[in-house]
Amino acid sequence: MNNTQGMVVNESFSFSTFKADSVLDVTHDDTGRRSEVLRIRGIGDQATRFAFASGDGLVRLANTGAIEDGNVIGHFLSLAPGRNEDIFEFYKKNGFLFPVSTAQYESFSPEMVWRLLLRFKATVQLMTALDGTTPEWQTLLASTLLLLLGDPVRIPFRDNAQAYESVVNSAIKTIEKAPELPDIDGSAEAHQKNTYTISDLVYGPTFELDSEIYEDISSGSAVEFTRSGCTDLRFRNIVRTYRIARNLPAEERLIIDFLFHFMMDIGILGSIDYMNGIDFYEAPHFGGMTAELSTALESVARIVVRDEINHNIRHISPKYDTDKMAPSWEVPDLLSAMYFSLFFMRPGIEVYRECANPNCNVHFLVKTTATRNKYCCPACANATAQRNHRRRKSQRS
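Note that the structure is predicted; figures quoted are calculated from it, not measured.

Q: Got a minute to help me understand the packing of aromatic side chains in this structure?
A: Here a ring pair, both rings aromatic, is described through the centre-centre distance and the interplanar angle of the planes. Scanning the model with the defined rule gives 26 aromatic pairs in all. Judged by centre distance (6.5 Å) and plane angle (75 degrees), the rings of F207 and Y242 are edge-to-face. Taken as a pair, F207 in strand β11 (residues 206-210) and Y242 in helix α8 (residues 233-244) lie far apart in primary sequence, 35 residues in all. For F207, a relative accessible area of 27% translates into the label partly exposed. One aromatic cluster is present, built from ring pairs that chain together F76, F90, Y91, F96, F98, F108, F120, Y164 and Y339. The aromatic ring of Y196 is capped on one face by R243, whose charged end is 3.8 Å from the ring centroid.

Q: Looking at this structure, how should I read empty space enclosed by the protein?
A: If a probe the size of a water molecule is rolled over the atoms, the empty space left behind becomes visible. Counting across every chain of the model gives 1 cavity of 30 Å³ or more. What the largest cavity holds in volume is close to 40 Å³. Residue lining of the largest cavity: L24, L38, N84, I87, F88, Y91, P110, V113 and W114, and that is the complete set. Going through the elements one at a time, α2 (84-94) and α3 (110-130) are the ones with two or more residues in the lining of the largest cavity. Top element by residues in the lining of the largest cavity is α2. It accounts for 4 residues. Looking at the lining of the largest cavity residue by residue, the classes come out as 8 nonpolar, 1 polar and no charged.

Q: How should the packing of α3 against helix α11 (residues 334-344) be read in this particular structure?
A: To characterise two packed helices, one gives the angle between the axes of the helices and the distance between these axes. In contact at an axis separation of 11 Å, α3 and α11 are set at 5 degrees when each is read in the N-to-C sense. With respect to their mutual orientation, α3 and α11 come out roughly parallel. Across the interface between the two elements, L116, R119, F120, T123, V124 and M127 of α3 pack against L335, M338, Y339 and L342 of α11. Partitioned by chemical class, the residues of the contact of α3 with α11 number 8 nonpolar, 1 polar and 1 charged.

Q: Explain the nonpolar core here, please?
A: One broad trend across soluble globular proteins is that nonpolar side chains are buried collectively. Within the largest apolar cluster, 102 residues are counted, with the highest numbers of intra-cluster contacts made by Y91, L259 and F262. Every residue in contact with L259, bar those within four places of it in the chain, is listed here: L145, L148, L149, I172, I175 and I238.

Q: I keep staring at unusual backbone geometry and nothing clicks. Help me out?
A: Comment: phi is negative for the bulk of residues other than glycine, and the bulk of peptide bonds are trans. At the junction of G204 and P205, the peptide bond is cis and its omega measures out at 20 degrees in the coordinates. Looking at where P205 falls in the secondary structure, it is placed in the loop between β10 (195-199) and β11. In this structure, N194 is a non-glycine residue whose phi angle is positive, near 60 degrees. Note that N194 resides in the loop between α6 (187-193) and β10. Accessibility expressed as a relative area gives 47% for N194, which makes it partly exposed. Even without a glycine there, the phi angle at M325 is positive, about 50 degrees. Tracing the chain through its elements places M325 in the loop between β14 (317-321) and β15 (326-330).

Q: Sorry if this is basic, but what is going on with the packing of helix α7 (residues 211-219) against α8 here?
A: Their axes nearest at 8 Å, the elements α7 and α8 cross at an angle of 135 degrees. If you check the angle between α7 and α8, you find them oblique. Remark: the crossing between α7 and α8 carries left-handed chirality. Residues Y214, I217, S218 and S219 of α7 form the contact with α8, whose participating residues are F235, R236, V239, R240, R243 and I244. When the residues that make up the contact of α7 with α8 are grouped by side-chain class, the tally is 5 nonpolar, 2 polar and 3 charged.

Q: Quick question: what am I supposed to make of a positive patch on the surface here?
A: Positive charge collects at one region of the surface, where R391, R392, K393 and R396 lie side by side. Along the chain, R396 falls in helix α12 (residues 378-396). Judged by relative accessible area, which is 63%, R396 ranks as exposed.

Basis of the calculations
The numbering scheme is per chain: residues are counted from 1 as the chain's sequence reads. Since the coordinates come from a predicted model, pLDDT governs what is reported: local features require at least 70, and pairs of side-chain atoms require 80 or more to be given and counted, while whole-chain, interface and lining totals use all residues. Remark: hydrogens and water are excluded; side-chain values derive from all non-hydrogen atoms of the structure. Any pair of Phe, Tyr and Trp rings, taking the six-membered ring for Trp, is counted once the centres come within 6.5 Å. Such a pair is stacked with planes under 30 degrees apart, edge-to-face with planes over 60 apart, and tilted for the rest. Here a strand is any run of E in DSSP of at least two residues, a helix any run of H or I of at least four, and the numbering for each starts at the N terminus. Burial classification: accessible surface area is computed with a 1.4 Å probe over protein chains only, and a residue below 20% of its type maximum counts as buried, one above 50% as exposed, and the rest as partly exposed. Any Lys NZ or Arg CZ that is within 6 Å of a ring centre and within 35 degrees of that ring's normal is treated as a charge sitting over the ring. Using a 1 Å grid laid over the protein atoms alone, points where a 1.4 Å probe fits but cannot get out form a cavity; open sets with protein on both sides within 12 Å along at least 5 of 7 lines form a pocket; any residue with an atom within 4 Å of a point counts as lining. Grid points are joined across faces, edges and corners, and a volume is the space filled by probe spheres set on the points. Classification convention: Asp, Glu, Lys, Arg as charged; Ala, Val, Leu, Ile, Met, Phe, Trp, Tyr, Cys, Pro as nonpolar; all other residues, Gly among them, as polar. Axes here mean lines fitted to C-alpha atoms, for a helix over just the part in contact, with angles spanning 0 to 180 degrees between N-to-C directions. Each angle gets one of four labels, with under 35 degrees taken as roughly parallel, over 145 as roughly antiparallel, 65 to 115 as roughly perpendicular, and the rest as oblique. Contacts are assigned to residue pairs with any non-hydrogen atoms lying within 4.5 Å of each other. Here the nonpolar core consists of buried residues drawn from Ala, Val, Leu, Ile, Met, Phe, Trp, Tyr and Cys, with membership extended through side-chain atoms lying within 4.5 Å. The sense of a crossing depends on the near helix, which, turned anticlockwise from the far helix by less than a right angle, makes the crossing left-handed and, turned clockwise, makes it right-handed. Without a salt bridge and with relative accessible area above 30%, a residue can belong to a patch; like charges are then joined within 9 Å and nonpolar side chains (Val, Leu, Ile, Met, Phe, Trp, Tyr) within 5 Å. Values of accessible area rely on a 1.4 Å probe in the Shrake-Rupley scheme; residue burial ignores everything except the protein chains shown. Any Lys or Arg side-chain nitrogen found within 4 Å of a carboxyl oxygen on Asp or Glu counts as a salt bridge. Charge assignment: positive for Lys and Arg, negative for Asp and Glu; neither His nor the chain ends contribute. Throughout, a charge is located at the NZ atom of Lys, the CZ atom of Arg, the CG atom of Asp or the CD atom of Glu.

Structure representation (structure tokens):
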């Protein structure tokens, strides 16, 4: 670590908040339906401070300035949805993701908070996959689709103010407005060659879209095009946007073109659920992942990572510290601090790696060249070695 006797040196930024107490209120209505409310209160006499230093990542500091937890992001990534006791312990040590009152408990949706975690995890997974050599599409697909098409995360703050809303890509906003797009009269073109010529950034420069299939999907009639899910509203909007939306920024058009070809050639997406993953209406045909489609996916993944990080650090602002006569940053909350830590990661040099101990899912920051560094701590390395030794011993007996 880049520290002297457990002390951070050359920190890029620091941030302070209060540790938090957490309670999960569970109620049932007259029909027996269960509902949960997460209540959080800052502990006013228990401040905690964080710092980021290159090579260390985000660390939590003790009152003395010594490193108390050298792997805050790794411990956040290790949290699993539904394990409330673990995330409550995280809040107790590190505080809540956003500022909360120290005078009273504030209420949040547990599901929305877990979605925040899963979006952060997906971002880290994409950063890891995109770092270095050309990534395999299998390492990009699920996280890219989740961040791109997953329902937005909305967390209201006290007094009904909007505290947080996750980023929605402009291409998705265009797709959602597909029914409002003005129609383009393509009757002459369709009569002449039974296709519409579309400018295409995946298989370009142009792609011939079957006019009968388009009209079938766009109208929702499912006469010629009868695949399972063909009447899905999102799919129909994507197809309509693909043909009609013109003069869009190149990145926006690329995302629309990718989604169109992916659903036409691989499978129509059903639900995209933060907890349960991605579901198709029928078994996907991944044999259709051509080199062109894989290249487009990588480009879309890079756009998604950029937008996710930029959106979550947008409230961070530079300031000049006259006590130190040095530049510093004003960080509003813990979530911003964690994304800001990703912002400072050195591409091709650092990566978050999951511990190789099968009983531990902690992630840790490591140099990409340290291929032998597979464990988050010596205890996990020793536990795995002992487990392997016992397995070999039992096999010999």
